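# Structural characterization, general
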Amino acid sequence: MPLLDANTAFGYWANRDGNPSLESLLATWTKHKVEAGCSLSTTGLFLDSAQGNQLTLEAGRQHPALLPVATLDPRYCADPMPPLTACLESGFRVFALFPETQDWPLGVAQFTEIPRRLAGKARALMVEASAPGAATAAVRGLGETDLPMVLMGTNLENLAEALCLARPDPRIYLETHRLSSTDSVEMAVEQMGPDRLLFGSGAPRQYFSSAHLLVRYAGIEEADRDKIFGGNLARLLDWSPPA
Amino acid sequence: MPVIDCHGHYGHLPYLVGPARIEDIEQTMTRFSLQQVWLASAAALGGDLAGGNAALAAAIAGHPNLLGYAVLNPLQLDLSLTEMQKYLPQRQFVGAKVHPAAGGHPPDSPQMRQLGTALLRFDKPLLVHLRGFDDLEPFVRLAGEFATCRFLLAEMGGFDWWSAIRAVRNFPNVFVECGGPCADQDKIAQAIETVGPRRVVFGSGMPLTSPIYVLGMIRDAQVPAPIKDAILQRNVTRLLGR
């Protein structure tokens, strides 16, 4: 099964030095034999989502391994429909929101509009949810839609919460870049099964091998490891290796 | 190469993590080729200072690859001084650990200073866990005042590692442990560049952070192999003052 990376971003990060560039991301993927991965330009995160989405699309066109993810910043978006429509028309099928990095609460009206507008059109909505309570608020925003939601950044502080949400709800996926505690992968598989866990590295901002080795050495069945390392994301995104 | 992990926990922790009994810890050691782990009692960190330290001492007796930290608490100053006297003379106790935030204390509170004064007698390092950026300056004041005491900064200061390594740069008695859940690239290389190749040591925080997660940081770090080896094993001898 090809190795796929569910969570990366390229470009300048506002809160630290360095510039984890697209080249750096691609080099990381080459080094670690990642066949494809979700990514977006941090310009969309920190400056202008339309401009960032354009950069992301362009990167995806130049580098087929890069599966483009659109982002939207509700802080300056009273009506999310036009930008969402523009992204869908541009070909985006995966969307990501960053309430913690952008400092807005998940209860804002714009957020609850987004899953409703994307249901039936997008393959997944990824939501940054690393603080306690965030995952619950994110899933609440899904309402009754059948849109798959990927919770990004699940970690020790909210693992129990995330598993409580994911266990009964087949719409909920967890990506793994911040799972770091002993047996966290094993517990996740035990509690929610192996089919909705997505390997994410957080590269190039984060060391690739930290997240990778945690899954690689997890005490789980090899078939489950293959699912986490790529099978689940391939199924979610309807991705297959290029011919 | 066999690895010395300077930061682990023994006992039940209030998180959804794997158990941390001695057998679990030793299983993890075998799994990830850890030669030695230095443990602090979760119960002691949670407030039961005497009971927790005693349970750790009993648990690691007969396990030469497991060493202990005596947990201290500035809120329980007299008891902490007693615990220091009880455990630090023992060979199997490698140092002391304090989590000043747990008691609402800044790292340079009068009580922390009293602990520092008492610790000088034993010539063993003090592992300190900070809350974040606001604790850096008080910690640096403490380290400066007790310049002959060796300090180990847990998790390199956490997610504020960038500020932490710069704050302790000019304090040769402060070592930084590279573990914890923050896997920012390239904190290891920046730590080496800032504090030097001899003051960075390997610690995970297990089971709160898996050793393999931190070994992944070392693997990807853009530093020469001999420096990685030093982080994984040799630098602890300097931390112990040898």
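Preceding block: the structure.
Residues numbered from 1 in each chain as written. Chains lettered and ligands numbered in written order. Predicted model: local features only at pLDDT ≥ 70, side-chain atom pairs only at ≥ 80, totals over all residues. Heavy atoms only, no water.

### Description of the overall build of chain A
To keep things clear, this is the line we draw: Each helix is a run of DSSP H or I of at least 4 residues and each strand a run of E of at least 2, with the numbering of both proceeding from the N terminus. The buried label applies to any residue whose accessible area, calculated with a 1.4 Å probe on protein chains only, is under 20% of its type's maximum; exposed applies above 50%, and partly exposed to all values in between. Only four residue types enter the tally: Lys and Arg on the positive side, Asp and Glu on the negative side, with His and both chain ends excluded. Every charge is mapped onto a representative atom, which is NZ of Lys, CZ of Arg, CG of Asp or CD of Glu.
Scanning chain A from N- to C-terminus turns up 11 helices and eight strands. With respect to the three principal axes, the spread of C-alpha positions in chain A is 45 × 40 × 35 Å. In chain A, which comprises 243 residues, the proportion classed as buried is 63%. Computed over 20 positive and 28 negative side-chain charges, the inter-centroid distance for chain A is 2 Å.

### Let's talk about the environment of B:Leu67
Short version of the rule: Contacts were defined at the residue level, with two residues in contact if any of their heavy atoms lie within 4.5 Å.
In this structure, B:Leu67 sits in strand β3 (residues 66-72). Beyond its immediate sequence surroundings of up to four residues, B:Leu67 is in contact with B:Gln36, B:Val37, B:Trp38, B:Leu39, B:Ile60, B:Gln92 and B:Val94.

### Concerning the pattern of salt bridges
All names here are of chain A. In plain terms, the rule: In what follows, salt bridge is the name for a side-chain nitrogen of Lys or Arg lying within 4 Å of a carboxyl oxygen of Asp or Glu.
Within the structure shown, the criterion is met by 15 salt bridges over all chains. A salt bridge links arginine 171 to aspartate 169, with the shortest nitrogen-to-oxygen separation between them at 2.9 Å. Note on accessibility: arginine 171 and aspartate 169 belong to one class, buried.

### Here's the deal with the packing of aromatic side chains
Test applied: Classification of ring pairs uses Phe, Tyr and Trp, with its six-membered ring standing for Trp, and accepts pairs whose centres are within 6.5 Å; under 30 degrees between planes counts as stacked, over 60 as edge-to-face, and the remaining range as tilted. Both a distance and an angle decide whether a charge sits over a ring: NZ of Lys or CZ of Arg must be within 6 Å of the ring centre and within 35 degrees of the ring normal.
Summed over the entire model, instances satisfying the criterion amount to eight aromatic pairs over all chains. Seen in terms of ring centroids, B:Tyr87 and B:Phe93 are 4.8 Å apart; in terms of plane orientation they differ by 35°. Their pairing is tilted. As far as the burial class goes, B:Tyr87 and B:Phe93 line up, both buried. Among the aromatic residues, ring-to-ring pairing joins A:Phe199, A:Phe208 and A:Phe229 into one connected group. Positioned above the aromatic ring of A:Trp13, the side-chain terminus of A:Arg205 is 4.1 Å from the ring centre.

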